[in-house]
Amino acid sequence: MKEYWLFIKTPDHYGNSEIIQIDEDIIDFFVVEKINDICLIKNRNEKLSETEHKFINQNRIRFFKKGKIHKILSDEESITEDCIFENDYEKLNATETELTETEIQNLKFEFNWNGEKMNLRFNEILDSPVVQEIDKRLNKEGSKIVLEKLNKTLFLSLYTDNYLDKLIPIKYVDKQKMILYGFPKEPYQINCPIIE
């Protein structure tokens with residue numbers, strides 16, 4: 001059975017969002033692009049049996065990849081060290097809701113993950129008024145969240161100046177709460193109360 005898994009970006013990861021599809025022993029890697037809607041562009045595949053990995057729980061898999069870290073010590077000196085990169089992927093499930101996408105987009109909710117707390121609404125600029133003024137002078141759009149869908153999963157998509165920065169899957173949403181999942185460290189899932 002084909003399953004889709006979202007690459008969990010950490011705060012220091014600046015690349016494109018990525019989704020993998022696992023079908024028995026084959027892993028297909030896709031870059032997430034925004035054209036008119038979000039879409040997947042395949043860029044490679046691997047065999048699951050030939051990758052070092054472990055299941056953190058039934059919905060999270062961690063891959064271990066050999067790599068190198070380059071450290072610049074001064075203008076004249078740098079070092080390269082071997083290391084193991086740990087990349088987590090969260091299994092994507094169909095969002096549970098009886099609300100329409102339009103109804104969801106009109107919700108305002110409280111986001112609180114590991115002390116990062118804010119009230120959010122879809123399609124509104126997230127930046128402070130001062131940053132918005134600077135963005136306006138620089139012809140930038142600023143940061144905002146948009147509701148998007150891929151297959152049967154709804155996402156809270158974070159855009160920075162029209163660049164798709166992060167995808168946060170929505171597990172469940174009704175008129176009382178929204179449950180988001182796929183965060184880089186525990187809690188991997190949070191409840192976001194709906195604000196009137």
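Above: the structure in question.
Since the structure is predicted, the reported quantities are computational estimates derived from the model, not experimental observations.

**Some remarks on the nonpolar core**
Piece 1. Of all hydrophobic cores here, the largest spans 21 residues; its most connected members are Ile104, Phe109, Phe111, Phe122, Met178 and Leu180.
Piece 2. Counting residues per element, the ones that place at least two in this core are strand 9 (108–113), strand 11 (143–150), strand 12 (153–160), strand 13 (163–173), strand 14 (177–181) and strand 15 (189–195).
Piece 3. When residues no more than four places from it in sequence are discounted, the contact partners of phenylalanine 111 are Glu116, Lys117, Met118, Leu120, Leu180, Phe183, Ile190 and Cys192.
Piece 4. Among the nonpolar cores identified, the runner-up in size contains 12 residues, and Val32, Ile38, Leu150 and Leu167 belong to it.

**Notes on the pattern of salt bridges**
Piece 1. The final tally for this structure, using the stated rule, is 15 salt bridges.
Piece 2. For the salt bridge of glutamate 3 with lysine 91, the shortest nitrogen-to-oxygen distance reads 3.3 Å. Taken as a pair, glutamate 3 in strand 1 (residues 3–7) and lysine 91 in strand 7 (residues 78–91) lie far apart in primary sequence, 88 residues in all.
Piece 3. Of the residues examined, lysine 91 reaches a relative accessible area of 18% and is grouped as buried.
Piece 4. One salt bridge in this structure joins aspartate 82 and lysine 68, with 2.6 Å as the shortest N-O distance. A residue pair is termed long-range when its members are at least 10 positions apart, and aspartate 82 in strand 7 and lysine 68 in strand 6 (residues 60–72) qualify at 14 residues.
Piece 5. According to the relative accessible area criterion, aspartate 82 is exposed, its value standing at 62%.
Piece 6. Each of the salt bridges in this network shares a partner with another, and the network as a whole consists of Arg60, Arg62, Glu86, Asp88 and Glu90.

**Some thoughts on the layout of surface pockets**
Piece 1. Considering only enclosed or pocket space, the largest pocket measures out at about 540 Å³ in volume.
Piece 2. Lining the largest pocket are 24 residues, with Phe111, Glu116, Leu158, Lys166 and Ile168 positioned closest to its centre.
Piece 3. Looking at the lining of the largest pocket, the elements with two or more residues in it are strand 1, strand 9, strand 10 (116–121), strand 11, strand 12 and strand 13.
Piece 4. Counting residues per element, the lining of the largest pocket draws most heavily on strand 13, at four residues.
Piece 5. When the residues that make up the lining of the largest pocket are grouped by side-chain class, the tally is 16 nonpolar, four polar and four charged.

**Things to note about the side chain of aspartate 174**
Piece 1. For aspartate 174, the location among the structural elements is in the loop between strand 13 and strand 14.
Piece 2. Here the side chain of aspartate 174 touches tyrosine 172 through a polar contact of 2.7 Å, side chain to side chain.
Piece 3. Only 2.9 Å separates the side chain of aspartate 174 from the backbone nitrogen of lysine 177, close enough to count as a polar contact.
Piece 4. In this structure aspartate 174 touches Leu99, Leu107 and Ile194, once residues within four positions along its chain are discounted.

Analysis parameters
- Within each chain, residues carry numbers counting from 1 in the order of the written sequence.
- In view of the model being predicted, local features appear only for residues whose pLDDT reaches at least 70, and side-chain atom pairs are presented and counted only at 80 or more, with totals across whole chains, interfaces and linings using the full set of residues.
- By convention in this description, side-chain values take in all heavy atoms of the structure and omit both hydrogens and water.
- Nine residue types can take part in a nonpolar core, namely buried Ala, Val, Leu, Ile, Met, Phe, Trp, Tyr and Cys, and a core is a set of them joined through side-chain atoms within 4.5 Å.
- Only protein chains enter the accessibility calculation, which uses a 1.4 Å probe; a residue is then buried when its area is under 20% of its type maximum, exposed when over 50%, and partly exposed in between.
- Helical segments are the DSSP runs of H or I of at least four residues, strand segments are the runs of E of at least two, and each set is numbered from the N terminus.
- Contact criterion: two residues are considered in contact whenever any of their non-hydrogen atoms come within 4.5 Å of each other.
- Should a side-chain nitrogen of Lys or Arg be within 4 Å of a carboxyl oxygen of Asp or Glu, the pair is scored as a salt bridge.
- Grid points spaced at 1 Å and placed over the protein atoms alone form the basis of the search, with a cavity being a set where a 1.4 Å probe fits but cannot get out and a pocket an open set showing protein on both sides within 12 Å along at least five of seven lines. Lining residues have an atom within 4 Å of a point.
- Grid points are joined across faces, edges and corners, and a volume is the space filled by probe spheres set on the points.
- Residue polarity is assigned by list, with Asp, Glu, Lys and Arg as charged and Ala, Val, Leu, Ile, Met, Phe, Trp, Tyr, Cys and Pro as nonpolar; anything else, Gly included, falls into the polar class.
- Residues adjacent in sequence count toward polar contacts only when both atoms are side-chain atoms; beyond that, a polar contact is any pair of N or O atoms within 3.5 Å, and within protein one must be able to donate a hydrogen and the other to accept it.

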